[in-house]
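Topology and contacts: notes
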Amino acid sequence: MNTENELSGVVPIIPTPFTEDEEIDEAALRDLIDFAVASGIEAVCLPAYASEFYKLTDDEKLQVVRVAVSQAAGRVKIVAQSNHPSLRQAIRLAQANVAAGADVVSLAVPRIFSLPEDSLRAYLSGFLQSIPDTPVLIQDFNPGGPSISVSFIRDLMERHPNFKYLKLEEPLCAPKFESIIKETAGKIGLFEGWGGLYMLELIPLGIRGVMPGLAVSDILQKVFTLRNQGAHQKAFDLFEKVMPQIFFSLQNMELFHYAEKELLMARGILKNSIARKAAYIPDPSSVAYIKELNQRVLDVINDETWEIKSLETTFLKA
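Because the structure is a prediction, the values reported are computed rather than measured.

A short note on the layout of surface pockets
When its volume is computed, the largest pocket comes out at roughly 220 Å³. Taken together, Glu20, Glu22, Glu254, His257, Tyr258, Ser273, Ile274, Ala275, Lys277, Ala279, Tyr280 and Ile281 form the lining of the largest pocket. For the lining of the largest pocket, the residue count by class is 6 nonpolar, 2 polar and 4 charged. Counted as a void, the second largest pocket has a volume near 190 Å³. Forming the walls of the second largest pocket are Tyr49, Phe53, Asn83, His84, Pro85, Ala108, Val109, Pro110, Arg111, Ile112, Phe141 and Pro143.

Structure representation (structure tokens):
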């Protein structure tokens, strides 16, 4: 197993950019990868929930990973999400992503219907066994119930050495994170999702990193660093400035796509905020409020010293 593929810090989800006819915009995707590199990010993940993976064909899922690997050219690690409710198809995606050059493979626990942990164990074990030399990040997003148990996580780690990372995104999860760290002796790198909303609570507990949207990833990387270095007041002050935008957009996953792409447009990285239908159509008041929230994020960037600041206007072509 490649021990160089260690993940830490902010690992943003790359959104899937689309053309006017809802085809994947490869040129725009390459710009997003370049933006992540210029932001000082060490790893990115796609295609995940925030990439609209559930609207992509399997071939398109592989396409975006291949484009990302090609554009990254080793400058940033690629975490290739290989989600599918069918184990057979998830394995096919994972193995193809490894062949394409992905550094880490990620998989969401299938949550379309409720399944007992024995069923989930068989699914995840089969997946991990299929790519034994590749580090795997397991994501459990289960709004309808609890995420996988601590004993389940420990058992999976003991059976499969390539199970290296776990991403959870649920409220009031600090006690569970603490239990996981204790029961696994810190061998599983824990990541917080859900836009990074709970990161300030969880960083002191020893989480490995955060997996938010790309548009605020450079800001949250600074928050993560400040909090880890003990500059707690500065971390809170900076986080509080962007939290309203994160909180509002996370009310609905489809709303998040719109707000995220609108912010990337405001930062000069994307040309449009198109999401594939069915997509959230915001009402006029929401459109105005998102613009206001996004402007406040831009104000934060303008108030700070950012290396990316001078680069943002170079992404949009004249």
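A closer look at the side chain of asparagine 83
Mapped onto the fold, asparagine 83 is located in the loop between strand E3 (77-81) and helix H3 (87-100). At 3.2 Å, the side chain of asparagine 83 forms a polar contact with the side chain of glutamine 81. A polar contact is formed between the side chain of asparagine 83 and the backbone nitrogen of alanine 108, at a distance of 2.7 Å.

Re empty space enclosed by the protein
This model, assessed by the stated rule, comprises 3 cavities of 30 Å³ or more. Quantified by volume, the largest cavity comes out at close to 160 Å³. What lines the largest cavity is a set of 17 residues, among which Ala50, Lys167, Glu169, Trp194 and Met253 lie closest to the centre. Split into classes, the residues belonging to the lining of the largest cavity amount to 11 nonpolar, 4 polar and 2 charged. Size it by volume and the second largest cavity reaches roughly 50 Å³. What lines the second largest cavity is simply Gly195, Pro212, Gly213, Val216, Gln245, Ile246, Ser249, Phe256 and Glu260.

Here we look at the sheet that holds strand E6 (residues 163-168)
With respect to topology, 8 strands assemble into an open sheet ordered E1-E8-E7-E6-E5-E4-E3-E2, the strand pairing being parallel. The two strands at the open ends of the sheet, each matched to only one other strand, are strand E1 (9-10) and strand E2 (43-46). The pairing of E6 with strand E7 (residues 189-192) spans 4 bridges and is classified as parallel. When the bridges of E7 are listed, leucine 166 appears paired with leucine 190.

Overview of the nonpolar core
Judged by nonpolar contacts, the single largest core of 98 residues is most densely connected at Phe127, Ile138, Phe163, Leu166, Met199 and Leu220. Not counting chain neighbours up to four residues away, the residues in contact with methionine 199 comprise Glu192, Val210, Leu220, Val223, Phe224 and Phe239. One finds Phe248, Ala259, Ile290 and Leu293 within the second-largest nonpolar core, a separate group that totals 6 residues.

With respect to the side chain of threonine 134
Tracing the backbone through its elements, the reader meets threonine 134 in the loop between helix H4 (117-130) and strand E5 (136-140). Those residues in contact with threonine 134, other than ones at most four positions away along the chain, are Val98, Asp103, Val104, Val105 and Asn162.

Thoughts on the pairing of E2
Of the two faces of E2, the one carrying Ala43 and Cys45 and the one carrying Val44 and Leu46 are both buried. Both E2 and E3 contribute to a ladder of 4 bridges, which runs parallel. Its bridge partner lying in E3, cysteine 45 is registered against valine 79.

Here we look at the packing of helix H8 (residues 217-228) against helix H9 (residues 232-249)
Axis separation between H8 and H9 bottoms out at 8 Å; the angle between their running directions is 150°. Classed by the angle they form, the pair H8 and H9 counts as roughly antiparallel. Relative to H9, H8 is oriented so that their crossing is left-handed. Residues Ile219, Leu220, Lys222, Val223, Leu226 and Arg227 of H8 touch H9, and the partners they reach there are His232, Lys234, Ala235, Phe236, Leu238, Phe239, Val242 and Ile246. Looking at the contact of H8 with H9, its residues break down into 10 nonpolar, 1 polar and 3 charged.

Thresholds applied
Every chain begins its residue count from 1, and numbering advances along the sequence as written. It should be noted that, the model being predicted, local features are given only for residues of pLDDT at least 70 and side-chain atom pairs only at 80 or more, the latter also being counted only at that level, while totals for whole chains, interfaces and linings use all residues. Only hydrogens and water are set aside; all other atoms, that is, all heavy atoms of the structure, feed into the side-chain values. Buriedness for pockets is judged along seven lines, at least five of which must meet protein on both sides within 12 Å for an open set on the 1 Å grid over protein atoms alone, while cavities are sets there where a 1.4 Å probe fits but cannot get out, and lining residues have an atom within 4 Å of a point. Grid points are joined across faces, edges and corners, and a volume is the space filled by probe spheres set on the points. Gly falls in the polar group here, along with every residue not listed as nonpolar (Ala, Val, Leu, Ile, Met, Phe, Trp, Tyr, Cys, Pro) or charged (Asp, Glu, Lys, Arg). Numbering goes from the N terminus for both helices and strands, where a helix is a DSSP run of H or I of at least four residues and a strand is a run of E of at least two. For this analysis, a polar contact is any N or O atom pair within 3.5 Å, provided that within protein one partner can donate a hydrogen and the other can accept it, and provided that sequence-adjacent residues contribute only side-chain to side-chain pairs. Being paired, for any two strands, means DSSP has found at least two bridges between them. Here, nonpolar core means buried Ala, Val, Leu, Ile, Met, Phe, Trp, Tyr and Cys residues that are tied together by side-chain atoms lying within 4.5 Å of each other. Residue burial is assigned from relative accessible area. The probe radius is 1.4 Å, only protein chains are included, and a residue is buried under 20% of its type maximum, exposed over 50%, and partly exposed in between. In this analysis, two residues are considered to be in contact whenever any of their non-hydrogen atoms come within 4.5 Å of each other. Helix axes use the C-alpha atoms of the stretch in contact, all axes being lines fitted to C-alpha atoms, and the angles between their N-to-C directions lie in the range 0 to 180 degrees. Our angle categories are set so that under 35 degrees counts as roughly parallel, over 145 as roughly antiparallel, 65 to 115 as roughly perpendicular, and the remainder as oblique. Crossing handedness: left-handed means the near helix sits turned counterclockwise from the far one by under a right angle, and right-handed means the same turn made clockwise.

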